[in-house]
Amino acid sequence: MSFNEYMHVRNRYRTNPPDFKQLAEKHPALKPFLIQKTNGGVTLDFCDANAVQALTIAVAKEDFDLDLELSLDRLIPRIPQKLNYLHWIEDLVERKIDAVGIDIGGGCSCIHALLALRLNPQWTMYVSEIDPFNYRMGIKNVENNQLDDRIHVIQVDSSALFDNFIDRTKHYDFLMCNPPFYSDSMESQGLTNTRKSDRPPTKSINTAAPIESIYDQGGEVEFVKRMIHESRTYATNVRVFTSQLGKKSSLDQIKKCFQDIRYIDTELCQGNTMRWAVAWTFDETFHFSDQCQSLKALKALKKAKKKNESHRTPISIPFDSKYSFDFIKTYLETHLFHELNLKSTSLSSYAWIIDAYENSWSHQRRRRRHPIDNDEPPSKRLKSNDAPVMKVCSLQARLDEHEGICSLFLLFVDGTNTDAANQIGQYIKNQFPIYCQNHEEKTLTIA
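Residues numbered from 1 in each chain as written. Predicted model: local features only at pLDDT ≥ 70, side-chain atom pairs only at ≥ 80, totals over all residues. Heavy atoms only, no water.

Caption draft 1: Spatial organisation of the side chain of Glu90. Topologically, Glu90 is positioned in helix α3 (residues 79-92). When neighbours within four sequence positions are excluded, Glu90 is seen to be in contact with Arg10, Arg95, Leu119, Asn120 and Trp123. (Helix = DSSP H or I, 4+ residues; strand = E, 2+ residues; numbered from the N terminus. Contact = heavy atoms within 4.5 Å.)

So this is what it looks like as structure tokens:
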């Protein structure tokens, strides 16, 4: 069972996971870890620490231009999971341009702060770290990416959490934390846990050091309880406090601590992994937006198979093999997106998020015949440019090539028109041959 469909809507890996083969071509250090699959594709052994390290370094460089140094005996971050948490925090602070944030326990990678600055270049991050090794590595990673003017890594005493770190004279927009999950070494090694017996064993390695993964005073539940207790002291300094959680059972226990505190919780979904997060505030003016509320992903996954399968399944538009990848890409970027007035955001050289604020693909024949017809009654008249702007749909688009044949995949993300992917797909099928004919005629004329 994969939860990718329920990743944050802005997560670039939601429908475009890293292509290991292409990634290895650009980053040769990853190539030795590729495993050939029977269907012709490739994968990695996520129980191999060296493979996970090479993948994270390659993805960070390829997609975020980050130069990372990672240690095999410290936590190796999974970037898609980190993005889910960061995008949720962006929503909490309403995507504030110059937000000031805190990360409790940055780790050797300092990945939360580095990704936050790549996503939001004007943010400022303060990062605490109790492990001397992680502190030195974190500073090195920040300096290697020339972000030491925006990211401040501070070494704190092992007994400290907020005290002697949060400046009582400053104001922060948010606080984030990935707490130590386990209460002892037995639990961290999987010898004692709350995992149901019928669940398959984990398919990825945990390289975290004990200082990163174990809180011997009660694991993540007691750690976050301590955060909640200390947060009262800094209620006027931090607008919203947040923390990740590794177990659903932990969430149920933590929620009991919010009797007099406003809070929300959510799921963070990626691959076969579920994480949870909580956010709380003492600021009476702070509003938790609807998009930050819990996704209820497990229930939604079951309902999707019955009710939403049609528009949650990508549609495929194949093209004749005589048309090259570059020709079709040019058609999309220079013609289709403009003709239909679609706002496109590039995820990669072959993938986009496209937003439509009007249905410009329907009634195109009528639009061309009657560009202006003020004699028509209002009920028949096409919407003018003065009509109220509303979001009709967001789609994820990916152009793929396999054995010389290109296909465009469209996936509905959100909006009022759940059938938009099918409608735009049909429009392309109808209009692409006309575009090609016009292009060929222009080429002959020039020749």
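This is not the end of the story, as more comes after the structure.
Caption draft 2: Layout of the packing of aromatic side chains. Tallied over the full model, the rule gives 19 aromatic pairs. Consider the rings of Tyr323 and Phe327, whose centres lie 5.4 Å apart with planes at 20°: the pair is stacked. Residue Tyr323 is classed as buried on the basis of its relative accessible area, which comes to 15%. In this structure an aromatic cluster arises from ring pairing among Phe162, Tyr234, Phe241, Phe258, Tyr263, Trp280 and Phe282. Seen from the ring of Phe64, Arg12 lies directly overhead, with NZ or CZ sitting 5.5 Å from the centre. Taking NZ or CZ as reference, Arg168 lies 5.2 Å from the ring centre of Tyr234, over its face. (Phe/Tyr/Trp six-rings, centres within 6.5 Å; stacked < 30°, edge-to-face > 60°. Buried < 20%, exposed > 50% of the residue type's maximum accessible area, 1.4 Å probe, protein only. Lys NZ or Arg CZ within 6 Å of the ring centre and 35° of its normal.)

Caption draft 3: View of the sheet that holds strand β13 (residues 393-402). Read across the open sheet, the 5 strands follow the order β10-β14-β13-β12-β11; overall the sheet is antiparallel. Two strands close off the open sheet at either side, each with one partner strand: β10 (315-318) and β11 (343-348). Between one strand and the next, the sheet's axes are offset by a mean angle of 25°, whatever the strand orientation. (Pairing = 2+ DSSP bridges. Axes fitted to C-alpha atoms, helices over the stretch in contact; angles between N-to-C directions.)

Caption draft 4: Just the sheet that holds strand β5 (residues 151-155), in detail. Pairing is mixed across the open sheet formed by 7 strands, whose spatial order is β5-β4-β3-β6-β7-β9-β8. The strands lining the two open edges of the sheet, one partner per strand, are β5 and β8 (262-270). In this sheet, adjacent strand axes meet at a mean angle of 20° when their direction is disregarded. Sheet topology places β8 next to strand β9 (residues 273-281); 9 bridges connect them, and they run antiparallel. Of the residues in β9, the one forming a bridge with Ile264 is Ala279.

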